[in-house]
Amino acid sequence: MKVFEELRASFARGITRPLSWRIEQLKAIEAFLTENESLIIEALKKDLGKSKAEAWNTEVGFLLKDVRHTRKNLKRWLKPRKVSTPAVAKPGRSKLLLEPLGTVLIMGAWNYPMQLSLSPLIAAIAAGNTAILKPSEVSANSARIMHEILTQYLDPEAVAVLNGDASLATELLQLPFDHIFYTGGNRVGKIVMRAAAEHLTPVTLELGGKSPVLVSKKSDIKVTARRIAWGKWMNAGQTCIAPDYVLVEKEAYQPLVDALLQSIKDFYTDDPQRSKDYGRIINEQHFRRLLTLMDGQTLINDSDFDRSELYIKPLLVDNPASDSAIMQEEIFGPLLPIIRVDSFQQGIDFVRQREKPLACYAFSNDKAEQADVEHQISTGNLCINDTMMFMLNDKLPFGGVGNSGMGRYHGEFGLRTFSHEKPVMTRSFHLDVALRYPPFSSQKLKWLKKLM
Ligand code: NAD
């Protein structure tokens, strides 16, 4: 593919190496975001019915924070890290040097179309790579803005935005990229990894799964409900780290249900369809999928949906069976199963018996229960007494484990994902001790054993 060859040639010419070039490109992304804020927010409204505030918090504002944080710290992050040198290799110096990988591919997902495309791009540019960005075709309005407008801000010799569907993705995946950063579902994640294996290309897979919420009877139920409702119904439940289902101790079940219903009302009124703050389902196919997940389930509140607007109300599902579809696949929509458990530990065991989630949330005031969750549950990210807030801490990496993905990013972690940390040892010509050279003797071996 011509554009791939051109980007590789640019990388080989070294145009992306200087810190000044990287900073300039990061400033260009910042300018793109500030100068086109209303266009971006409009596109997100068309794609997902996102409210202005939500589009700002989770996309434009999130990215501005990300790009500024990266720009301000990049010089420091790139400083070679000195490490000590053992006596046997002295005189000599050792360090770790971050070097860019080359030409990388970034494949975005549709639910946070700007954030999930540009946040990896910021890291790839900061690390000094050339990149092809392929936004998700499903969020077509956002993809169009990245293709038509973002590209006017960035160095065309180093960054290309290509729009297309799975056939373009398939074509791109044939190429020998130096890294592939994919965000999306597990099915395509496997396709990406298989294709990457052909060229031994390293991958970062930001996948999904079912993110559980544990609620102890020893928690502040009102605050718990608000925080679950915030995380669940943001973007109409279409967030990779949205609470997928709740495991609540039976004594706290009714208070939690009441408080969740109250939070829905407080956030989105009695008629969420008319609330400017409540989003829509991305397309007809996902709308139908979500209705099917409700088949045979008992709803706690009254169902309400409108196909013409792809609207589904925030819904609570009562105690679905473990083998029902809603408990087998990632919901990725506004349905929230509430499952009663006999004890907090039973909830932990329930999670441990399933695939490792991308995020796990636990609400409890009890330090011992908090410690149990920390030590017993393996998850991409763990948040105690809140949902999704860890995304706001640049000092914490974001990524999955096991079935929820591999690799991580955000802040300095993103820079490292798109870099090779090259170990460098520099020796001096002085003191060329013959100890390590043949012919060996028992005397030499004795000294070597002491020095190594
Ligand atoms: P999607 O349909 O937008 O697909 C993602 C990417 O894969 C797109 O660029 C698309 O063009 C490409 N693609 C689709 N079919 C392909 C094929 N056959 N071959 C090659 N490429 C193909 O997104 P999706 O998969 O519906 O995204 C939703 C999933 O993503 C959920 O599981 C969610 O949890 C997960 N997700 C994870 C994160 C994260 O950061 N870990 C963030 C958002 C979403």
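- The name given to the chain in an unreviewed UniProt entry is Aldehyde dehydrogenase, and the organism recorded there is Aliidiomarina minuta.

### A few points about the pairing of strand S15 (residues 359–363)
Argument step 1. For S15, the buried fraction is high: five of the five residues fall into the buried class.
Argument step 2. In S15, alternate side chains face the same way, and those of Ala-359, Tyr-361 and Phe-363 on one face and Cys-360 and Ala-362 on the other are all buried.
Argument step 3. Relative to S15, strand S8 (residues 212–215) runs parallel, the two being bridged by three bridges. Bridge pairing in S15 places Val-213 opposite Tyr-361.

### Section: the packing of aromatic side chains
Argument step 1. All told, the structure shown has 13 aromatic pairs when counted by the stated rule.
Argument step 2. Taken together, the ring pairs in this structure connect Phe-181, Tyr-361, Phe-390, Phe-398, Tyr-409 and Phe-418 into an aromatic cluster.
Argument step 3. Lying across the ring of Phe-350, Arg-354 places its NZ or CZ 3.6 Å from the centre.
Argument step 4. Just above the ring of Trp-447 sits the side chain of Lys-450; from NZ or CZ to the centre is 5.2 Å.

### Some thoughts on empty space enclosed by the protein
Argument step 1. The tally for this structure, following the rule as stated, stands at one cavity of 30 Å³ or more.
Argument step 2. The volume enclosed by the largest cavity comes to roughly 50 Å³.
Argument step 3. Partitioning the lining of the largest cavity into residue classes produces four nonpolar, four polar and four charged.

### Some remarks on the site of the ligand
Argument step 1. Close to the ligand lie 27 residues, the nearest being Ser-136, Glu-137, Gly-185, Leu-207 and Glu-330.
Argument step 2. One nitrogen or oxygen atom from the side chain of Trp-110 is found 2.9 Å from an oxygen atom belonging to the ligand.
Argument step 3. At 2.8 Å from an oxygen atom of the ligand is found a main-chain nitrogen or oxygen belonging to Gly-185.
Argument step 4. A total of 860 Å² of accessible area belongs to the ligand in isolation, and the protein chains cover 90% of it.
Argument step 5. Of all the elements in the fold, those that place two or more residues in the shell around the ligand are helix H7 (166–173), strand S6 (179–183) and helix H8 (186–198).
Argument step 6. Among the elements that make up the shell around the ligand, the one with the highest residue count is H7 (three residues).
Argument step 7. Partitioning the shell around the ligand into residue classes produces 16 nonpolar, seven polar and four charged.
Argument step 8. Two domains each put at least three residues into the shell around the ligand: domain 1 (2–207 + 401–424) and domain 2 (212–392).

### Digging into the nonpolar core
Argument step 1. Leu-121, Leu-214, Ile-241, Leu-260 and Leu-335 are the most contacted members of the largest nonpolar core, which totals 111 residues.
Argument step 2. Ranked by residue count, the leading element in this core is helix H4 (residues 52–78), at nine residues.
Argument step 3. Split by domain, this core shows at least three residues from each of two domains, domain 1 (2–207 + 401–424) and domain 2 (212–392).
Argument step 4. Formed by 21 residues, the second largest nonpolar core is a distinct cluster that contains Leu-162, Leu-168, Leu-173 and Val-192.

### As for a positive patch on the surface
Argument step 1. On the surface, Lys-75, Arg-76, Lys-79 and Lys-395 cluster together to form a positively charged patch.
Argument step 2. By secondary structure assignment, the location of Arg-76 is in helix H4.

### Side note on the side chain of Thr-183
Argument step 1. Checked against the element boundaries, Thr-183 lands in strand S6.
Argument step 2. When its relative accessible area of 9% is taken as the criterion, Thr-183 is described as buried.
Argument step 3. Once you skip the residues sitting within four places of it in the chain, Thr-183 turns out to touch Met-107, Gly-108, Ala-109, Leu-116 and Glu-206.

### Focus: the environment of Ala-31
Argument step 1. On the secondary structure map, Ala-31 appears in helix H2 (residues 19–35).
Argument step 2. Linking Ala-31 and Leu-150, residues 119 residues apart in sequence, is a C-alpha distance of 9.5 Å.

### Examining the sheet that holds strand S9 (residues 245–249)
Argument step 1. An order of S10-S13-S14-S9-S8-S15-S16 is seen for the seven strands of this open sheet, with the pairing classed as mixed. Bordering the open sheet on either side are strand S10 (298–299) and strand S16 (381–384), each of which pairs with just one other strand.
Argument step 2. Sheet contacts for helix H14 (residues 367–376): S8, S9, S15 and S16; angle to S16, the most-contacted strand, approximately 175°.

### Comments concerning the domain arrangement of the chain
Argument step 1. You can read the domains of the chain as domain 1 (2–207 + 401–424) and domain 2 (212–392).
Argument step 2. Relative placement of domain 1 and domain 2: their C-alpha centres are 30 Å apart.
Argument step 3. With 20 residues of domain 1 in contact, the opposing surface of domain 2 contributes 23 residues.
Argument step 4. Taking both sides of the interface into account, the surface hidden between domain 1 and domain 2 amounts to around 1800 Å²; carbon and sulfur atoms contribute 56%.
Argument step 5. One can count zero salt bridges joining domain 1 with domain 2.

The rules we used
- Residues numbered from 1 in each chain as written.
- Predicted model: local features only at pLDDT ≥ 70, side-chain atom pairs only at ≥ 80, totals over all residues.
- Heavy atoms only, no water.
- Buried < 20%, exposed > 50% of the residue type's maximum accessible area, 1.4 Å probe, protein only.
- Helix = DSSP H or I, 4+ residues; strand = E, 2+ residues; numbered from the N terminus.
- Pairing = 2+ DSSP bridges.
- Phe/Tyr/Trp six-rings, centres within 6.5 Å; stacked < 30°, edge-to-face > 60°.
- Lys NZ or Arg CZ within 6 Å of the ring centre and 35° of its normal.
- 1 Å grid on protein atoms, 1.4 Å probe; cavity = no way out; pocket = protein on both sides within 12 Å on 5 of 7 lines; lining within 4 Å.
- Points joined across faces, edges and corners; volume = space filled by probe spheres on them.
- Nonpolar A, V, L, I, M, F, W, Y, C, P; charged D, E, K, R; others polar.
- Near = heavy atom within 4 Å.
- Polar contact = N/O pair within 3.5 Å; in protein donor to acceptor, adjacent residues only side chain to side chain.
- Areas by Shrake-Rupley, 256 points an atom, 1.4 Å probe, with all protein chains shown as cover.
- Domains from an automatic or database assignment.
- Core = buried A, V, L, I, M, F, W, Y, C linked by side-chain atoms within 4.5 Å.
- Patch = residues over 30% accessible without salt bridge, like charges linked within 9 Å, V, L, I, M, F, W, Y side chains within 5 Å.
- Salt bridge = Lys/Arg side-chain N within 4 Å of Asp/Glu carboxyl O.
- Lys, Arg positive; Asp, Glu negative; His and termini not counted.
- Charge placed at Lys NZ, Arg CZ, Asp CG, Glu CD.
- Contact = heavy atoms within 4.5 Å.
- Axes fitted to C-alpha atoms, helices over the stretch in contact; angles between N-to-C directions.
- Buried area = accessible area lost by both parts, 1.4 Å probe.

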